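This is what each chain is made of:
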Amino acid sequence: MGRPPACRRAEAPPVTNLLEPLFVHRVRGRISSSPLLADANADGWPEVFVGGPVLTGLSWDGEQLPRWPRRSRKPFASSPAFGDINGDGRGEIVVGCDDGQVHAFYPDGDPVGGWPIRTGRDVFSTTVLADVNHDKAAEVVVGSDDGSLYVLRGDGRRVWRAELRGRPFISGSPAVADLDGDGSPEIAVGAWDRQIHVWSGDGEEHSTLGPTAGNAIWSSPLAFMLRGGAGHLAWASDMAFVGSLRGGVLPGWPARTESWIVSSPAVVELSGGSGASVVVGAERLYAWDLFGRPRPGWPVDLGDFVWSSPIAFDLDGDGSREVLAGSWDGGLYAFRSDGTPVPGFPVRTEGPIFSTPAAAPLRGGGGLLVAASWDGTVRGWRLPRAKFGPGDWLQFRGSPTRTGLQPQPFEPPQGAPLEDKEIASRPRVHAAHEERWPTGHGIHRIVAHGEALHRAKGLRLVYEILGEGREHIAPFVNSRGATVALVQPLRIPRPVRYRIEFDGPDGRIHRWPPNGGRRFLSRTTLCAR
């Protein structure tokens, strides 16, 4: 009662023979959650689950499932996962929530006994469902903004919890894979302390991988294997990294972009015999080989910043994989392996896309493509020519269990890495202004002005909503050449006081305005303190 019905009309006639509009489902609110596609009720067709103001459940063709959506006191900004967490053979949907809890539901909408469980703060991190302790049942592995990693049994009881020093946000999602070749899984996740943290499956051993990044790590790491070698990780922050527990960061890495990175990497072979490519979004969409060398035709422009993570599969049936990702400009883009745009793309939504699209094969051939947008829509298309196979990367974290593991091994890279000859210039912040983001549905943007800002280590907006008593941090990104940070919509008009900071090479924190000054953001004006 009071729920908007699914809108099952096609928005426009198909503009390409590669996709056919199937449905549009609208909710009253904003969506940053990435769609989950999984055959949850074992009928041979993928169901669609996506967070937002409610946890929505749809059939493959956009019909609302009985007893869905599910609700909590706050939105589900996290992305749902699906897997059998209690060994009953049914499979469950598990998702984090802004209420600080992790929820679990059966496909028929019933809550799973023992859930939800509470953490200390928001759970933006996406849950991973994987057997980390060899008990033949999938545990739930998830980070929280309380600075802890949780490993939970299927009945909600805690296996172990690891709290990081300083309690930095763990907003990214863990990867679970055997990274050291000992036959047991490790858990790797980034945090806002700029480190990749790695634990043994039993939680007894903890280490960090690679150097401290230049900014918070919100991007989620991906695990992959090289033939004849141990596991590797790809991750991102101010730059993109590839490394291993045994060898550290690989030659040729990190690879530079011109923005802080929120997008999570995909590692796929784009065309036969080309070897693994590391693909990730920033101010553009990048693709490198395993030596950090740009692939021919890449990076490519998506109109604005790419918060969305890429997926890759054979969209047109030509034997090579295409790469798809969303953009802040509201477009869902697709590119061939050589970086050329796929005809008929981008397809448009009515708001920026923060989440990752998802694809799945359909019974009888072809596939389903689903994307969710900040405008509160979940959109589906049928893919008549799509083909799927091992090595595809089909949704956020790769699979319904969200393990972040690419199971297809790759050949070791050939050749030599490029030498980094960039001459670093000194970053400076001179000024800033406020702007209302036309398609942001209430989001304000602070635009920083200065020199070499894309090289400013840890460039961040530090803001305080007056009366709240705590500070928030929002890293800056490159949006169409402008250096911007987002301030979330406020339910009630309140003054917001802010400053801009970054870390200098001398170890000091540089601030604007200087001398301890701050600026005030209101709903319409920006003025000096």
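Attention now goes to the sheet that holds strand β26 (residues 322-326). Hydrogen bonds between backbone atoms are what pair the strands of a sheet, whose relative direction is either parallel or antiparallel. Taken in spatial order, the four strands of this open sheet run β25-β26-β27-β28, and their pairing is antiparallel. Two strands lie at the open edges of the sheet, namely β25 (311-313) and β28 (347-348), each paired on one side alone. Relative to strand β27 (residues 331-335), β26 runs antiparallel, the two being bridged by four bridges. Along β27, the bridge assignment pairs V323 with F335.

We now examine the domain arrangement of the protein. Here the domain parsing of the protein yields domain 1 (21-410) and domain 2 (428-522). With centres defined by C-alpha atoms, the gap from domain 1 to domain 2 works out at 27 Å. Opposite the 25 residues of domain 1 that make contact, domain 2 presents 24 residues. Where domain 1 touches domain 2, the interface holds two salt bridges. Of the charged contacts, one joins D304 and R480 as a salt bridge, the two residues approaching to 3.5 Å between their closest N and O atoms. Scanning the region where domain 1 abuts domain 2 turns up seven residue pairs in polar contact (both at pLDDT 80 or more).

All right, on to the layout of surface pockets then. Each pocket or cavity is described by its volume, and for the second largest pocket that value is around 610 Å³. What lines the second largest pocket is a set of 32 residues, among which D238, H454, R455, A456 and K457 lie closest to the centre. Mapped by element, the contributors of at least two residues to the lining of the second largest pocket are β19 (239-244), β34 (457-465), β36 (477-479) and β38 (496-503). Residues belonging to the lining of the second largest pocket are distributed by class as follows: 14 nonpolar, eleven polar and seven charged. Mapped onto the domain boundaries, the lining of the second largest pocket takes at least three residues apiece from domain 1 (21-410) and domain 2 (428-522).

Here we have four strands laid out as an open sheet, ordered β5-β6-β7-β8, and antiparallel in their pairing. Each edge of the open sheet carries a strand with a single partner, namely β5 (81-83) and β8 (117-118). Both strand β7 (residues 101-105) and β8 contribute to a ladder of two bridges, which runs antiparallel. Counterpart to Q101 in the pairing with β8 is R118.

Mapped onto the elements, R426 comes out in the loop between β31 (377-383) and β32 (428-436). It is 48 Å that separates the C-alpha atoms of R426 and A386, two residues lying 40 residues apart in sequence.

We now examine the pairing of strand β14 (residues 186-190). Counting buried positions over the five residues of β14 gives five, a clear majority of the element. Side-chain alternation along β14 places E186, A188 and G190 on one buried face and I187 and V189 on a second face that is also buried. With three bridges joining them, strand β13 (residues 175-177) and β14 adopt antiparallel strand pairing. Residue pairing in the sheet places A177 in a bridge with E186 of β14. Here β14 runs beside strand β15 (residues 196-200); their pairing, made up of five bridges, is antiparallel. In the strand pairing of β15, V189 is matched with H197.

Thresholds applied
- Residues numbered from 1 in each chain as written.
- Predicted model: local features only at pLDDT ≥ 70, side-chain atom pairs only at ≥ 80, totals over all residues.
- Heavy atoms only, no water.
- Pairing = 2+ DSSP bridges.
- Helix = DSSP H or I, 4+ residues; strand = E, 2+ residues; numbered from the N terminus.
- Domains from an automatic or database assignment.
- Contact = heavy atoms within 4.5 Å.
- Salt bridge = Lys/Arg side-chain N within 4 Å of Asp/Glu carboxyl O.
- Polar contact = N/O pair within 3.5 Å; in protein donor to acceptor, adjacent residues only side chain to side chain.
- 1 Å grid on protein atoms, 1.4 Å probe; cavity = no way out; pocket = protein on both sides within 12 Å on 5 of 7 lines; lining within 4 Å.
- Points joined across faces, edges and corners; volume = space filled by probe spheres on them.
- Nonpolar A, V, L, I, M, F, W, Y, C, P; charged D, E, K, R; others polar.
- Buried < 20%, exposed > 50% of the residue type's maximum accessible area, 1.4 Å probe, protein only.

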